[in-house]
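The primary structure of each chain is shown beneath.
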Amino acid sequence: MELASTGSSFQSDLDFCPECGCVLPLPGAQDTLACSRCGFPVNVRDLEGKVVKTSVVFHKLGTAVPAWGEEGREFQGPVVDRRCSRCGHEGMAYHTRQMRSADEGQTVFYTCTNCKYQEKEDS
């Protein structure tokens, strides 16, 4: 990892602006590039020899595992002090969705962390 040291506030990896820390734009035909946030100039020659590698992985349809695992998305997230109306357990996970029109409140879905009972509340 090469560090930039061109009179900036701190040292950083050359992928990021040494002044404000934002991701630098790709270099063009000019000798310098400027940070899109703060305008800090970076000499393009400092980027010579730097290799950027990317990869894309395609999974067969239906074989990818969702990021939230086997339990499901509704069991992830913050837990609030709310009593389950089915088992009486104190503590339910929640997530929100905008189910109605944009000028109305969102819908809050609660899931009991004990018995997995689900409730919804329109706010």
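Bear in mind the structure is a predicted one, so any value in this text is a computation, not a measurement.

**Describing the packing of aromatic side chains**
In step 1: Per the counting criterion, the structure on display carries 1 aromatic pair.
In step 2: The interplanar angle of 45 degrees and the centroid separation of 6.2 Å between the aromatic rings of Y94 and Y110 together place this pair among those described as tilted. In this pair, Y94 is assigned in strand β6 (residues 90-97) and Y110 in strand β7 (residues 107-112), connecting sequence segments 16 residues apart.
In step 3: On the basis of relative accessibility, which here comes to 29%, the residue Y94 falls in the partly exposed class.
In step 4: The lysine or arginine in question, R82, covers the ring of Y110, its NZ or CZ lying 3.9 Å from the ring centre.

**Regarding unusual backbone geometry**
In step 1: Even without being a glycine, K116 presents a positive backbone phi close to 70 degrees.
In step 2: Assignment of secondary structure puts K116 in the loop between β7 and β8 (118-122).
In step 3: By relative accessible area, K116 is classed as partly exposed at 36%.

**What about the pattern of salt bridges?**
In step 1: If you walk through the whole model with that rule in mind, you get 5 salt bridges.
In step 2: Taking the shortest distance from any N to any O, the salt bridge between E121 and R82 comes out at 3.1 Å. With E121 in strand β8 and R82 in strand β5 (residues 79-83), the pair connects residues that are 39 residues apart, well separated along the chain.
In step 3: Its relative accessible area of 32% is what places E121 among the partly exposed residues.
In step 4: Judged by its relative accessible area of 24%, R82 falls in the partly exposed class.
In step 5: Of the charged contacts, one joins R83 and E90 as a salt bridge, the two residues approaching to 3.3 Å between their closest N and O atoms.
In step 6: Residue classification places E90 among the partly exposed positions, given a relative accessible area of 37%.
In step 7: In this structure, a network of salt bridges that share partners links the residues R82, E119 and E121.

**Observations regarding the nonpolar core**
In step 1: Grouped together as the largest cluster of nonpolar side chains are 8 residues: C17, L24, L33, C35, F40, V42, V44 and L47.
In step 2: Counting residues in each nonpolar core, the second largest holds 5 residues, with C84, M92, V108 and C112 among its members.

**Here's the deal with the pairing of β5**
In step 1: The buried count for β5 comes to 0 of 5 residues, which makes it a mostly uncovered element.
In step 2: Note: β5 against β6, 3 bridges, orientation antiparallel. Paired with R83 across the bridge in β6 is E90.
In step 3: Between β5 and β6, which pair antiparallel in sequence order, lie 6 residues; one of them, G88, sits at a positive phi of approximately 80 degrees.

How each quantity is defined
Residues numbered from 1 in each chain as written. Predicted model: local features only at pLDDT ≥ 70, side-chain atom pairs only at ≥ 80, totals over all residues. Heavy atoms only, no water. Phe/Tyr/Trp six-rings, centres within 6.5 Å; stacked < 30°, edge-to-face > 60°. Helix = DSSP H or I, 4+ residues; strand = E, 2+ residues; numbered from the N terminus. Buried < 20%, exposed > 50% of the residue type's maximum accessible area, 1.4 Å probe, protein only. Lys NZ or Arg CZ within 6 Å of the ring centre and 35° of its normal. Salt bridge = Lys/Arg side-chain N within 4 Å of Asp/Glu carboxyl O. Core = buried A, V, L, I, M, F, W, Y, C linked by side-chain atoms within 4.5 Å. Pairing = 2+ DSSP bridges.

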